[in-house]
Every structure is written in structure tokens, then in C-alpha cells.
Amino acid sequence: MFKSIKTLPIDPIFGLMDLFKKDARTNKINLTAGVYVDDKGKIPIFEAVKQAENIILSQQTSKNYLPICGDEIFREFALKSINTTDIKALYQDAIQTPGGTGALSVLAGLISKNFPSASMWLSDPTWQNHHNIFSADNINIKTYYYFDPSTNSINIGKLENDLRHSKPGDFILLHTSCHNPTGTDFNDIEQNEVLALVNKYNLIPAFDNAYQGFDAGFSEDIKFIHKFLANGVKLFVASSYSKNFGLYNERIGALSFFTDNQNELRSVVSNFSSIARSKYSNPPAHGSTIIKTIYSDRKLFKLWSNELSFMNTRINGMRITFADELTKKVKRDFSFIKNQKGLFSLLPISRDGITKLRDIHGIYLLDSGRINVAGLSMSNLSQIVNSIQHILQEENL
Ligand SMILES: Cc1ncc(COP(=O)(O)O)c(C=O)c1O
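Residues numbered from 1 in each chain as written. Predicted model: local features only at pLDDT ≥ 70, side-chain atom pairs only at ≥ 80, totals over all residues. Heavy atoms only, no water.

Details of helix 4 (residues 99-114)
Alright, step 1. Look at helix 4: 23 Å from first C-alpha to last across 16 residues, which is about the 22 Å you get at 1.5 Å a residue.
Alright, step 2. A large share of helix 4 lies buried, amounting to 12 of its 16 residues.
Alright, step 3. Those residues of helix 4 lying buried are Gly 99, Gly 100, Gly 102, Ala 103, Leu 104, Ser 105, Val 106, Leu 107, Ala 108, Gly 109, Leu 110 and Ile 111. (Helix = DSSP H or I, 4+ residues; strand = E, 2+ residues; numbered from the N terminus. Expected span 1.5 Å × (residues − 1). Buried < 20%, exposed > 50% of the residue type's maximum accessible area, 1.4 Å probe, protein only.)

Rendered as C-alpha cells:
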């Protein structure tokens, strides 16, 4: 009866994490997961989150369901952290979702229900789960050229070559900041070029906003979206608060829509609700209660904001040290790592080299060469740099 059900491969990131857990070596190093780890290798809970949880514990009187669209104050926070300058003549609303994945999944539901012939354009490469999420709703996926590994930079010319094959009304997914997996974002000029391309080809932009606060700061990292809003472009934003509040297992995110047309907003948001109702009914409450408690308390908000900046400073410091040490040891220029943003960088190591790094040296990274820069610390840096040098030297023999 179930013969037609095929066994599917395990998710590559969770699969590697499993392998890492089972590895008995004491000097193993995990650079796979997309989570912030501190210099002791721990995934910390923000002090602001702990304090908010204490308040919640003493004040909570019910575990009732949230509305389908989630908590009202949390939704206000989600919108205000995008439309920070209160752009006029803009109608906006947001639905609380189970993580950024939930936000993308509601968006996928909206596209498949209302725009069945539209394609979704994803950057090549991108976070692998983007492919899973949009194909789960039978959306036709296409990819646009993004990152050229030979120059470690974006190639807008090739990107446009791909978008020439788009049709009006197709969707394009853009990473707001800290591109996963390359760590390479559009610079100011390139952002303007992308805006012009989106207008030229009549595309509908959706922003994946999973790392707000890991580049220049929480308020600064939405510059790319602002350019579009200031130009009157209607757009979607799928935000995740997993990383910037450290609330990975609370599953907290938001899907927002911005438009100049009030009726359009009403229709879109009613679709958000209907899709959410059928996919998961209503969102989990703990994450949004934490965020709304922090948002509503000036002192807690400041504390959270300082903690986020501290993480950022540590990552950027590690980027500089890692790039300098690699350049010295391997005698090749790795300075591009310093200019990249957020948790990730792609290392120019072959698949075979990545397997050897894992099997021989106990260093785990994704098969694509993606490393989590936050996983580097002064105590593991020399092991990592020496092992990479060893592998690259062998590859060049
Ligand atoms: C680019 C990108 N988008 C979305 C997400 C989803 O975040 P969440 O864990 O909140 O579902 C991630 C998580 O790793 C991500 O890297």
C-alpha cells in the first residue's frame, strides 16, 4: 500500500549536525549550522530575553490561542522595524508566523493560490530550504545568477541575463542583508540596479529578512527594502526573529505586505489568514510575547540592542582575524571574507576537500563550502586555519 512512498534524503544541514553529534573526537569543530555561537561555542540566550521571560512567567494568566494573524503589538513591532521612517501613502500589515520559514511558506501559499502561472526567482546559490518551501506549493522555481566564486563578488550583468527570461508578474526573492550562503550583499549601486531591473521586468519583490541586525545594525539593515518602498514598489517581507533574538526554537517570524492600495492590502491579508488557518491554524505565542515585552520596555530594548551589536562586533572581528591568518598561512588573498556580512562565508574548497576536512580534521562545514563564521573563536582558529591550509595545499599539488 505504501510502496509508492520513497525514502527521502535527510536535510543536509540537520544531517551533518547529527553526524557531528555522533563524532567521538574531542577536537571536532562545528561550522555548519546557521546559529550564533559565542566564543565558548555556546548558543547563548539573550539576557534581555531571560528578563522578559521572568516578567512573562509572573504575569501570564492564560495559554489561550493567539488570533490567526498573531499578537497585535508584535505585528506592530514587525512593521515598525521595516517601515522605520513611516513612509507616507503606504498601507501595511503583517501576520505573525512560525519563524521565517512559516512566513515564506504563507507567501508560497499565496502565490500558488493567486498567481498559479508565476515563477519564483531565487538567487543562485541560496538557502537550500527556499527550494523546498516554494516547490512544496508547486511553484515553478527559476534561479538568477548571483555570486561569481572566481571574483567573490556579484555579477549584475549575468543576473540581468537571467531575468530577461522572466515574465511580468513573476516573483523575485531578495535577501535583505547577510546573504545566505555567500555573505555577499548588493552594494548601494547594485541595489539601485536591482530596483531598476525589478521595475523594468515588472517583477514582484519578496525580501527574505532573516538576518536583520547582523550587518550595520537592526535599523540600518533594511536600507535595501527602503529603496523599494520609497519608489512605491509593492512588496512582501518574510522576517525571522530566530537569529536576532536568539529565539530559534520558539518559531517566531512575520510576513508583511506593503502597498499603496488599501483594498489590495485587505485582500492580501485575508489570504494570509486563510492560508495560515489551513497550514498551522495560529502561531505559537511564547516568541511573540518575549519580543513584545522587550519592545514595550525601553530598558530591555536597549539591553537587547546592545547584545545584538556585541554579537555583530564579535563576528566582524573574527572575520578580520580569520581572513588575515588564512592569507598568511595559505599565501593567497582571503580579504574578501572581511567584506562579507553576517554569519556566513563560502570557502573555495572542493567537495573532496570538504569531506577530508570533516573526516581527517574533524571540521564540519556544508558541502557547498559554507562556514558559520560565528563558529570561529580564538581557541579553534589555528586548528581551522592549519587544516584548511593542509587541504588547499594538497588540492594544488
Ligand atoms: C535565509 C534564511 N531565510 C529564512 C530562514 C528561516 O528562519 P527560521 O528559523 O526563523 O524559520 C533562515 C534560517 O536559517 C535563513 O537562513
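What follows picks up the thread again.
A short note on a nonpolar patch on the surface
Alright, step 1. The grouping of Met 1, Phe 2 and Ile 5 at the surface amounts to a nonpolar patch, some 470 Å² of accessible area in total.
Alright, step 2. With respect to the helices, strands and loops of the structure, Met 1 is situated in the segment before helix 1 (12-22).
Alright, step 3. A relative accessible area of 91% places Met 1 in the exposed class. (Patch = residues over 30% accessible without salt bridge, like charges linked within 9 Å, V, L, I, M, F, W, Y side chains within 5 Å. Areas by Shrake-Rupley, 256 points an atom, 1.4 Å probe, with all protein chains shown as cover. Salt bridge = Lys/Arg side-chain N within 4 Å of Asp/Glu carboxyl O.)

Quick look at the nonpolar core
Alright, step 1. Counting 91 residues, the largest nonpolar core has Phe 228, Tyr 241 and Phe 322 as its most contacted members.
Alright, step 2. A per-element tally of this core places helix 11 (residues 298-330) first, with 10 residues.
Alright, step 3. A domain split of this core shows at least three residues from each of domain 1 (12-45 + 301-396) and domain 2 (65-296).
Alright, step 4. Excluding residues within four positions of it along the chain, Phe 322 makes contact with Ile 337, Leu 347, Ile 371, Leu 376, Leu 381, Ile 384, Val 385 and Ile 388.
Alright, step 5. Counting residues in hydrophobic clusters, the runner-up holds 28 residues, among them Val 106, Leu 110, Val 268 and Val 269. (Core = buried A, V, L, I, M, F, W, Y, C linked by side-chain atoms within 4.5 Å. Domains from an automatic or database assignment. Contact = heavy atoms within 4.5 Å.)

Details of the sheet that holds strand 10 (residues 253-259)
Alright, step 1. Here we have 7 strands laid out as an open sheet, ordered 2-10-9-8-7-3-4, and mixed in their pairing. Taken across any chain shown, the strands that pair with only one partner, and hence form the sheet edges, are strand 2 (91-97) and strand 4 (140-145). The sheet shows a mean angle of 25 degrees between the axes of neighbouring strands, taken without regard to direction.
Alright, step 2. With 6 bridges connecting them, strand 3 (residues 119-124) and strand 4 associate as parallel partners. Across the sheet, the residue bridging to Ser 123 is Tyr 144, located in strand 4.
Alright, step 3. Here helix 6 (residues 156-163) sits on the sheet and contacts strand 3, strand 4 and strand 7 (171-175); the angle it forms with strand 4, its principal contact strand, is near 150 degrees. (Pairing = 2+ DSSP bridges. Axes fitted to C-alpha atoms, helices over the stretch in contact; angles between N-to-C directions.)

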